[in-house]
Amino acid sequence: MKYADSKLNAYLDHRAALVDYVTSITGCRARAEDVVQDAFLRFVPDVGGVATPSTSGIAYLYRIVRNLAIDLTRRSAMESRHQNEETVEWLKPRAESSPEQTLLQHDRIERLVAVLDELPERERVAIEMHRVGGYTLSEIARRLDVSTATAHRLVRNAVVHVAASLE
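Below is a summary of the structure that appears in this document. Quick caveat, the model's predicted, so the values are computed rather than measured. (Residues numbered from 1 in each chain as written. Predicted model: local features only at pLDDT ≥ 70, side-chain atom pairs only at ≥ 80, totals over all residues. Heavy atoms only, no water.)

**Digging into the overall build of the chain**
Broken down by element type, the chain carries seven helices and zero strands. Residue burial in the chain is summarised as follows: out of 167 residues, 23% are buried. Intrachain contacts of the chain at a sequence separation of at least 6 include 61% that bridge at least 24 residues. Approximately 12000 Å² of the chain is accessible, and the part contributed by carbon and sulfur atoms is 53%. (Helix = DSSP H or I, 4+ residues; strand = E, 2+ residues; numbered from the N terminus. Buried < 20%, exposed > 50% of the residue type's maximum accessible area, 1.4 Å probe, protein only. Contact = heavy atoms within 4.5 Å. Areas by Shrake-Rupley, 256 points an atom, 1.4 Å probe, with all protein chains shown as cover.)

This is the structure we're talking about:
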């Protein structure tokens, strides 16, 4: 056990210098403290009192600390890179519309409403249910009391009319 005590004393004697060393690599003192603690657990492993003299030096402790700090820095860089690449487009803030864009959008909506008002009532109801309400053709057919094929034809005719009128 004398061997483990000498490792503990070596660690305690150099702990502050190790933290300063790792802080220069990671740029964060809190991370440096974590790395040095992890290095201690690797430097003085619990092997049932079996000494491993080949790994007893301070140079070995510095090598452990350096490798752990570099691994942590690489892992953090990779995680931030992946996090930035995987940003979902619809989560990004949308730019404010200019007054001109708002007016154009309002005009388009007014034209669409006017075109929808031109449609026969069954076609208008069918396209509104399908495109706005998300109803299936079967549900539209039941609501309008027509066949599914007729519901499909009503929606198709309405879409063609709207597309032709808005061009």
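Picking up after the structure, the text goes on.
**Observations regarding unusual backbone geometry**
A positive phi is found at aspartate 145, a non-glycine position, where the angle reads about 60 degrees. Examined against the element boundaries, aspartate 145 turns out to sit in the loop between α6 (137-144) and α7 (148-166).

**As for the packing of aromatic side chains**
Scanning the entire structure with this criterion turns up three aromatic pairs. Note on phenylalanine 43 and tyrosine 60: the rings are 6.3 Å apart at their centroids and 35 degrees apart in plane angle, and the pair reads as tilted. Of this pair, phenylalanine 43 sits in helix α2 (residues 29-43) while tyrosine 60 sits in helix α3 (residues 58-85); the two residues are 17 residues apart in sequence, bridging distant segments of the chain. Under the relative-accessibility criterion, tyrosine 60 is labelled partly exposed at 25%. (Phe/Tyr/Trp six-rings, centres within 6.5 Å; stacked < 30°, edge-to-face > 60°.)

**Comments concerning the packing of helix α5 (residues 121-132) against α7**
Orientation of α5 relative to α7, taken along the N-to-C sense of each, is 90 degrees, at an axis distance of 8 Å. Compared by their axis directions, α5 and α7 come out roughly perpendicular. Packed against α5, whose contacting residues are Arg122, Glu123, Ala126, Ile127, His130 and Arg131, the element α7 presents Thr150, Leu154, Val155, Asn157, Ala158, Val159 and Val162 at the interface. Class assignment for the residues of the contact of α5 with α7 results in seven nonpolar, three polar and three charged. (Axes fitted to C-alpha atoms, helices over the stretch in contact; angles between N-to-C directions. Parallel < 35°, antiparallel > 145°, perpendicular 65-115°, else oblique. Nonpolar A, V, L, I, M, F, W, Y, C, P; charged D, E, K, R; others polar.)

**Observations regarding the side chain of threonine 150**
Looking at the secondary structure, you find threonine 150 in helix α7. Within polar-contact distance, the side chain of threonine 150 engages the side chain of serine 147 at 2.8 Å. (Polar contact = N/O pair within 3.5 Å; in protein donor to acceptor, adjacent residues only side chain to side chain.)

**Some points on the side chain of glutamate 123**
Here glutamate 123 lies in helix α5. Summary of buried charges: glutamate 123 has no salt-bridge partner, and the nearest side chain of opposite charge, arginine 153, is 5.5 Å away. In contact with glutamate 123, other than residues within four places in its own chain, are Leu154, Asn157 and Ala158. (Lys, Arg positive; Asp, Glu negative; His and termini not counted. Salt bridge = Lys/Arg side-chain N within 4 Å of Asp/Glu carboxyl O.)

**Let's talk about the environment of serine 165**
Along the chain, serine 165 turns up in helix α7. A relative accessible area of 35% means that serine 165 is categorised as partly exposed. A C-alpha to C-alpha distance of 9.8 Å links serine 165 and leucine 116, two positions 49 residues apart in sequence. In this structure, serine 165 is in contact with Val115 and Glu118, ignoring residues within four places of it in sequence. At 2.9 Å, the side chain of serine 165 and the backbone oxygen of histidine 161 are in polar contact.

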